[in-house]
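Observations on the model geometry
The chain contents come next:
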Amino acid sequence: MSLIVDRDRLFSEIDALASFSDAESPAVTRIVFTPTDLKARDWMKTRCAEAGLTVRQDAVGNIFARWNGSDPKAPVVGTGSHIDAIPNAGKFDGVVGVLGGLEAIRTLRQSGFRPRHSIELLIFTSEEPTRFGIGCLGSRLLTGALTPEAARKLRDKDDGTLDEVRRNAGCAGELDQVGLPQGYYKAFIELHIEQGPLLERQQTPLGIVTNIAAPASMRVMIEGSGGHAGGVLMPDRRDALCAAAELILAIENAARSSGAIDTVATVGICEVFPGAVNSIPSRVRLSVDVRDTNLERRDVVVRTIENEGDSIAERRQISIRSELLNADAPADCAPELVEALSQSCRKHELGFISMVSRAYHDSLFIARIAPVAMLFIPCRNGYSHRPDEYASPEDIARGVLVLAETLAALSQ
Ligand code: GLV
Ligand code: MN
Ligand code: MN
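The structure contained in this document is the topic of the report that follows. (Residues numbered from 1 in each chain as written. Chains lettered and ligands numbered in written order. Predicted model: local features only at pLDDT ≥ 70, side-chain atom pairs only at ≥ 80, totals over all residues. Heavy atoms only, no water.)

**Here's the deal with the overall build of the protein**
- If you tally the helices and strands in the protein, you get 12 helices and 17 strands.
- Taking 2.2 N^0.38 as the reference for a compact globule, 412 residues should give roughly 22 Å; the C-alpha atoms of the protein span a radius of gyration of 22 Å, in line with that estimate.
- In terms of overall dimensions, the protein has C-alpha extents of about 80 × 45 × 40 Å along its principal axes.
- Taken across its 412 residues, the protein has 54% of its residues classed as buried.
- Once local pairs closer than 6 in sequence are excluded, the contacts in the protein between residues at least 24 apart make up 78%.
- Summing over all exposed atoms, the protein offers an accessible surface of approximately 17400 Å²; the carbon and sulfur share of this is 49%.
- Computing the positive centroid from 45 side-chain charges and the negative centroid from 55, the protein places the two 3 Å apart. (Helix = DSSP H or I, 4+ residues; strand = E, 2+ residues; numbered from the N terminus. Rg over C-alpha atoms; globule rule 2.2 N^0.38 Å. Buried < 20%, exposed > 50% of the residue type's maximum accessible area, 1.4 Å probe, protein only. Contact = heavy atoms within 4.5 Å. Areas by Shrake-Rupley, 256 points an atom, 1.4 Å probe, with all protein chains shown as cover. Lys, Arg positive; Asp, Glu negative; His and termini not counted. Charge placed at Lys NZ, Arg CZ, Asp CG, Glu CD.)

**Quick look at the sheet that holds strand E14 (residues 319-327)**
- The strand order across the open sheet built from 4 strands is E11-E13-E9-E14, with neighbouring strands paired in antiparallel fashion. Only two strands of the sheet have a single neighbouring strand rather than two, namely strand E11 (264-273) and E14. This sheet shows a mean twist of 15° between the axes of neighbouring strands, independent of strand direction.
- Of the pairings in the sheet, the one linking E11 to strand E13 (residues 283-292) comprises 9 bridges and is antiparallel in character. Following the sheet pairing, Val272 is matched in E13 by Val284.
- Packing of helix H8 (residues 240-256) onto the sheet brings it into contact with strand E9 (214-223), E11, E13 and E14, and relative to E13 it is tilted by some 5°. (Pairing = 2+ DSSP bridges. Axes fitted to C-alpha atoms, helices over the stretch in contact; angles between N-to-C directions.)

**Some remarks on the packing of aromatic side chains**
- Considering all chains together, one arrives at 8 aromatic pairs under this definition.
- Residues Phe92 and Tyr390 carry aromatic rings whose centres are separated by 5.8 Å and whose planes lie at 80° to one another, so their mutual orientation is edge-to-face. Pair noted here: Phe92 is in the loop between strand E5 (85-89) and helix H3 (95-111) and Tyr390 is in the loop between strand E17 (372-377) and helix H12 (393-411), with a separation of 298 residues, a long-range link.
- Among the aromatic residues, ring-to-ring pairing joins Phe124, Tyr184, Tyr185 and Phe188 into one connected group.
- Across the ring face of Phe273, the terminal group of Arg283 is positioned such that the distance to the ring centre comes to 4.0 Å. (Phe/Tyr/Trp six-rings, centres within 6.5 Å; stacked < 30°, edge-to-face > 60°. Lys NZ or Arg CZ within 6 Å of the ring centre and 35° of its normal.)

**Considerations on the coordination of the manganese ion (ligand 2)**
- Around the manganese ion (ligand 2), the protein contributes the donor atoms Asp93 (OD), Glu128 (OE) and His385 (NE2), which lie 2.0 to 2.1 Å from the metal centre.
- Taken in sequence order, the residues that donate to the manganese ion (ligand 2) follow the motif D-x34-E-x256-H.
- Judged by relative accessible area, which is 37%, His385 ranks as partly exposed. (Donors = N, O, S within 2.8 Å, 3.2 Å for Na, K, Ca; no water.)

**Let's talk about the nonpolar core**
- Ranked by internal contacts, the top residues of the largest apolar core, which has 72 residues, are Leu17, Met44, Leu99, Leu108 and Ile396.
- Among the elements that take part in this core, H12 stands out by supplying 10 residues, more than any other.
- In contact with Met44, other than residues within four places in its own chain, are Leu17, Ile83, Val98, Leu99, Leu102 and Ile123. (Core = buried A, V, L, I, M, F, W, Y, C linked by side-chain atoms within 4.5 Å.)

**Some thoughts on the site of ligand 1**
- Surrounding ligand 1, one finds Glu127, Glu128, Arg291, Ala359, Tyr360 and His385.
- At 3.0 Å from an oxygen atom of ligand 1 is found a side-chain nitrogen or oxygen belonging to Glu128.
- When ligand 1 is considered free in solution it has 190 Å² of accessible area, and contact with the protein chains removes 93% of it.
- Residue classes in the shell around ligand 1 are distributed as 2 nonpolar, 1 polar and 3 charged. (Near = heavy atom within 4 Å. Polar contact = N/O pair within 3.5 Å; in protein donor to acceptor, adjacent residues only side chain to side chain. Nonpolar A, V, L, I, M, F, W, Y, C, P; charged D, E, K, R; others polar.)

**What to know about helix H1 (residues 7-18)**
- The first and last C-alpha atoms of H1 sit 17 Å apart over 12 residues, in line with the 16 Å expected at 1.5 Å per residue.
- Of the positions making up H1, those classed as buried are Leu10, Phe11, Glu13, Ile14, Leu17 and Ala18. Looking straight down H1, one finds that the buried residues subtend no more than 155° of arc, so they occupy a single side.
- The elements touched by buried residues of H1 are strand E1 (28-30), helix H2 (35-50), H3 and H12. (Expected span 1.5 Å × (residues − 1). Arc of directions from axis to C-beta.)

**Here we look at the packing of H3 against H12**
- With their axes 8 Å apart at the nearest point, H3 and H12 run at an angle of 55° to one another. In terms of orientation, H3 and H12 fall into the oblique class. As H3 packs across H12, the resulting crossing turns out to be right-handed. Where H3 abuts H12, its residues Val96, Gly100, Gly101, Glu103, Ala104 and Leu108 lie against Ile396, Val400, Leu403, Ala404, Leu407 and Ala408.
- Here the contact of H3 with H12 is built from residues that sort into 9 nonpolar, 2 polar and 1 charged. (Parallel < 35°, antiparallel > 145°, perpendicular 65-115°, else oblique. Left-handed = near helix turned anticlockwise from the far one by under 90°.)

Structure (structure tokens):
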């Protein structure tokens, strides 16, 4: 079997998909179920149909594009990722796993390979948490990590419920029908840019992920007392933003002093009310993201943040309430799939290292119902979630080649 990846076609498709964006190029903003995202989804469905795949969409908008194997009863070999993009992002996060997955399937078809197990490309809905505040919406529902009841309570910033928004986006059916059974997949492999600098620094073309770090996210509501920026004297103030500032530094310190380089914490959103230069902030809402490869250590940081909030609230005589939005467990990749990827790398004489995924991915949840593995390719300077995110056509093509080889091996 000779596998020839069409890297020019793939790179030009990555560019074409990036043109569906609500930000000016090179930035990409593609929030789930916006008109722009819907156009990108249609474009993707057309590419999949053109490749001869059978396309279906579930009630939350996960898109499945299947190449039927000779044994329709055999469990599916899956690959895929996401095409939604956070505000002011780049064009490779998620997309490399979707268009690269499609290219891997096209490469296999072209080579004359015929799978026994069906091979299915999965485009997950809303891996990014931008719209509904929780990441991996599609994969959580597929795997029961989020119940349909809990999903129905999700709202976007305009107070639209997930049910309203998805139906308006043309996703028919009920959320209760989204879940996939154990045994649906024989294996699931996600190709992704590394989103960190290690592969580039080590001048290694490929990373095989052995485990995926455990993310938690929190929302913190701080309520003090507003008033006139000139009239209220300093001793009388209960400024919510000053309390938030203290808490943000306490969060940074909690992660820095965990004793491990793998602990990270970020306050990515700070909303200030009323947001006027001459008005004392009365309310602040923070969004906090805490991650670690070790669940216990991650949870110590989460508890420290809650305790720091309590003591700042008491000292400043204001209210600080924190809500844990999700606290997911880390996932291990399946040793047999790690080995299958390693063998494909060896076969094509491509160097690789084992690595941890510090970003989360839909594979974290698919791991609850199936053996998963992830393949990383380098990205320039380790940049991701920014417009200058970049992966070279050569690196992407190497990832696709190893992915195709591995999908073939698993689907025989
Ligand atoms: C996914 O984009 C993440 O935040 O890790
Ligand atoms: Mn991302
Ligand atoms: Mn991603």
